[in-house]
Amino acid sequence: MKKNNSYFKYAALTFLLLVVLIVPTIYFLDMLKQDDELRFSHYTYYIGENVPIETESDLNSFDSVSIGGIDFGVISENLFVKLDLNDFDWLNSDSLYILELTNPAFREVELFQFDKDGNLVNSEIEGTTVGKSNPLKNPNPFFNIRIDEEVKPSIVLRIASQVPLKFEAYIFPYSSYFENYSFRMIIISVYFGIMIALFIYNLILYFSVKDKVYLYYCFYILFIALAQLSISGHSFFILNENAFLYEVSIIGFTTLSSIFVIPFIQLFLKTDEYVPKYEKFLYLIPISYVIALILRVLGVIEVSYSLLDLNGLILAICFFTIGIIAAKDGFRSAYFFLLAWSFLLISLVVYILHNLMIINLGSFANAPLLAGTAIEALLLWQTKSIY
């Protein structure tokens, strides 16, 4: 009877999570529809050196075009991008707008605007190496744009980056931008609040019952939460706005989470009982993550990110395989484990589809990963309380 009550509680929690997701999703999809109308579709560009720019003639010819966004991987030189404001027929003269790029990890993003004669009339710079120039604490580079008849209806951006060069550009009416940004901050705040609460609760449980599974679990969710904050850019402020530490943290926090998730899975799924021959090979996964981190610190950026993606794929395949084997052998916790990780896998697939530009999540690209990791953490926590 007690077990049946536990199953009922687990089913009720799962149902509640699904219901809680429905309402924000409806609002979220409406926000995406609005975002799509604000996105630049054509990006003309060239790659070159950073030189002093006083007039438009100091720039090279923008002879290449990218549709939908920019995705170039890691490049050592500066990227110069031209955006045409004439793409939006709803912009009004003498009105204030916000231009935002969707990658928070760029070291420098410099904006240039020119008058009808080609003279520079506006220049601003944002980025992780610029200093404490962002009082809003928005990790994404953003600029105030005023539409003026005396200024050319185009914007030139110079971008310097030590991470894969991938982004989309959006232009928001001034008031709606802060509504969009506030909603993003609510998502981040709720997510981090849930993860920190789970961390503290399970840490207390560990000291109470001395079961190592709680210790591994709490540090796994702590570092997976910090990894998500690095992807969204918010860990930049936690790390004292240090550009290098922030860039390394994107791989570093993921590596730390892999170190704790392996012993957690071993205890949770009893791998010594269900897959004893392959259990020791699981430690190759965090070793591979450590190699990716070392490569990133040494500056082998492209290879480190490729290895990070490969590690994530291998980890997902291994965990699902172990879960299926344990479930087939009658281990009931494995069913709930597979359910929890299914949410994470679905969110990862959605995020990858966005990165491949098959779907567009706008300025909410990280929301599926936040939801997936939070639901996975909650379901695993509830499963531990049942068994």
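What comes next is a walk through the structure. (Residues numbered from 1 in each chain as written. Predicted model: local features only at pLDDT ≥ 70, side-chain atom pairs only at ≥ 80, totals over all residues. Heavy atoms only, no water.)

**Structural notes on the overall build of the protein chain**
Stated formally: The way it works is that DSSP assigns letters per residue, a run of H or I at least four long becomes a helix, a run of E at least two long becomes a strand, and they are numbered from the N terminus. Think of it in three bands: with a 1.4 Å probe and only protein chains considered, a residue is buried below 20% of the maximum accessible area for its type, exposed above 50%, and partly exposed in between. The contact rule is simple, with two residues in contact once any of their heavy atoms fall within 4.5 Å. In short, Shrake-Rupley with a 1.4 Å probe defines the accessible areas, and a residue's cover is counted only from the protein chains shown.
In terms of helices and strands, the protein chain carries ten helices and eleven strands. Per-residue burial over the protein chain gives 50% buried out of 387 residues. Look at the contacts in the protein chain between residues 6 or more apart in sequence, and 75% of them connect residues 24 or more apart. Accessible surface, the protein chain: about 18,300 Å² in total, of which carbon and sulfur atoms supply 63%.

**Observations concerning the packing of aromatic side chains**
Worth spelling out the cut-off: In this scheme Phe, Tyr and Trp rings, the latter by its six-membered ring, pair at centre separations within 6.5 Å, and the angle between planes marks the pair as stacked below 30 degrees, edge-to-face above 60, and tilted otherwise.
Counting across every chain of the model gives 29 aromatic pairs. Taking 4.8 Å as the distance between ring centres and 5° as the angle between the ring planes, the aromatic pair formed by Y46 and F80 counts as stacked. Of this pair, Y46 sits in strand β1 (residues 42–48) while F80 sits in strand β4 (residues 78–84), and the two are 34 residues apart along the sequence. Classification of Y46 by relative accessible area gives buried; the value is 8%. The class for F80 is buried, based on a relative accessible area of 1%. Taken together, a centroid distance of 6.5 Å and an interplanar angle of 10° make the contact between Y220 and F264 stacked. With Y220 in helix α3 (residues 212–232) and F264 in helix α5 (residues 243–268), this residue pair connects regions lying 44 residues apart in the sequence. No difference in accessibility class separates Y220 from F264, as the two residues are buried.

**A word on α3**
Put simply, the rule reads: Expected span of a helix: the number of residues minus one, times 1.5 Å.
Here α3 contains 21 residues, and its C-alpha end-to-end distance of 31 Å stays within 8% of the 30 Å for a straight helix at 1.5 Å per residue. In terms of burial, α3 is largely enclosed, as 16 of its 21 residues are buried. Once α3 ends, the next one or two residues include G233, with phi positive near 100°.

**Considerations on the packing of α3 against α5**
As a reminder, the rule being used: Interaxial angle, 0 to 180 degrees, is taken between N-to-C directions of lines fitted to C-alpha atoms, where a helix line uses only the stretch in contact. Oblique is the label for any angle not under 35 degrees, not over 145, and not in the 65 to 115 range, which are roughly parallel, roughly antiparallel and roughly perpendicular in turn. Crossings are classed by handedness, with left-handed meaning an anticlockwise turn of the near helix from the far one by less than a right angle and right-handed meaning a clockwise turn. Any residue that is not Ala, Val, Leu, Ile, Met, Phe, Trp, Tyr, Cys, Pro, Asp, Glu, Lys or Arg is counted as polar, Gly included; the first ten are nonpolar and the last four charged.
Between α3 and α5, the shortest axis-to-axis distance is 8 Å and the interhelical angle comes to 155°. On the basis of the axis angle, α3 is roughly antiparallel to α5. Every pair of crossing elements has a handedness; the one defined by α3 and α5 is left-handed. On α5, the residues that touch K212, V213, Y216, Y217, F219, Y220, F223, I224, L226, A227 and S230 of α3 are Y246, S249, I250, F253, T254, L256, S257, F260, V261, P263, F264 and L267. Counted by class, the contact of α3 with α5 contains 18 nonpolar, four polar and one charged residues.

**A look at the sheet that holds strand β6 (residues 108–114)**
Condition: A pair of strands counts as paired when DSSP detects no fewer than two bridges linking them.
Sheet architecture is open: six strands sit in the order β2-β1-β4-β9-β6-β7, paired in antiparallel fashion. The sheet is open, and its two edges are formed by β2 (64–67) and β7 (120–126), each paired on a single side. Neighbour-to-neighbour, the strand axes of this sheet turn through a mean angle of 25°, independent of strand direction. In this sheet, β2 lies alongside β1 in antiparallel orientation, the contact comprising four bridges.

**A look at the nonpolar core**
Test applied: Only buried Ala, Val, Leu, Ile, Met, Phe, Trp, Tyr and Cys residues count toward a nonpolar core, and they belong to the same one when joined by side-chain atoms within 4.5 Å.
Grouped together as the largest cluster of nonpolar side chains are 63 residues, with contacts concentrated most on F337 and W341. Going through the elements one at a time, α2 (174–209), α3, α5, α7 (284–297), α8 (301–328), α9 (333–355) and α10 (367–386) are the ones with two or more residues in this core. If one sorts the elements of this core by residue count, α3 sits on top with 13 residues. The contacts of F337, once residues within four sequence positions are left out, are I265, F268, L269, F319, G323 and L380.

**Observations regarding a nonpolar patch on the surface**
Rule in force here: Within the patch definition used here, like charges are joined within 9 Å and nonpolar side chains (Val, Leu, Ile, Met, Phe, Trp, Tyr) within 5 Å, considering only residues with over 30% relative accessible area and no salt bridge. Whenever Lys or Arg places a side-chain nitrogen within 4 Å of a carboxyl oxygen from Asp or Glu, that contact is recorded as a salt bridge.
Taken together, the side chains of L256, I259, V290, I294, L298, V300 and V303 make up a nonpolar region of the molecular surface, amounting to roughly 540 Å² of accessible area. Sorting the residues of the nonpolar patch by element identifies α5 and α7 as the ones contributing at least two each. Relative to the helices and strands, V290 resides in helix α7. Given a relative accessible area of 31%, V290 falls into the partly exposed group.

**Section: the environment of I221**
Tracing the sequence through the fold places I221 in helix α3. With 22 residues separating them in the primary sequence, I221 and F199 have C-alpha atoms 6.7 Å apart. Excluding residues that lie within four positions of it along the chain, I221 makes contacts with M195, L198, F199 and A377.

**Considerations on the sheet that holds strand β11 (residues 169–173)**
Read from one edge to the other, the open sheet built from three strands follows the order β8-β5-β11, with strand pairing classed as antiparallel. Looking at the sheet topology across the chains shown, the edges are occupied by β8 (142–146) and β11. Here the average twist between neighbouring strands, direction ignored, is 30°. Across five bridges, strand β5 (residues 96–101) lies against β8 in antiparallel orientation. Across the sheet, L96 pairs through a bridge with R146, a residue of β8. Sitting on the sheet, α2 is in contact with β5, β8 and β11, with an inclination near 115° to β11.

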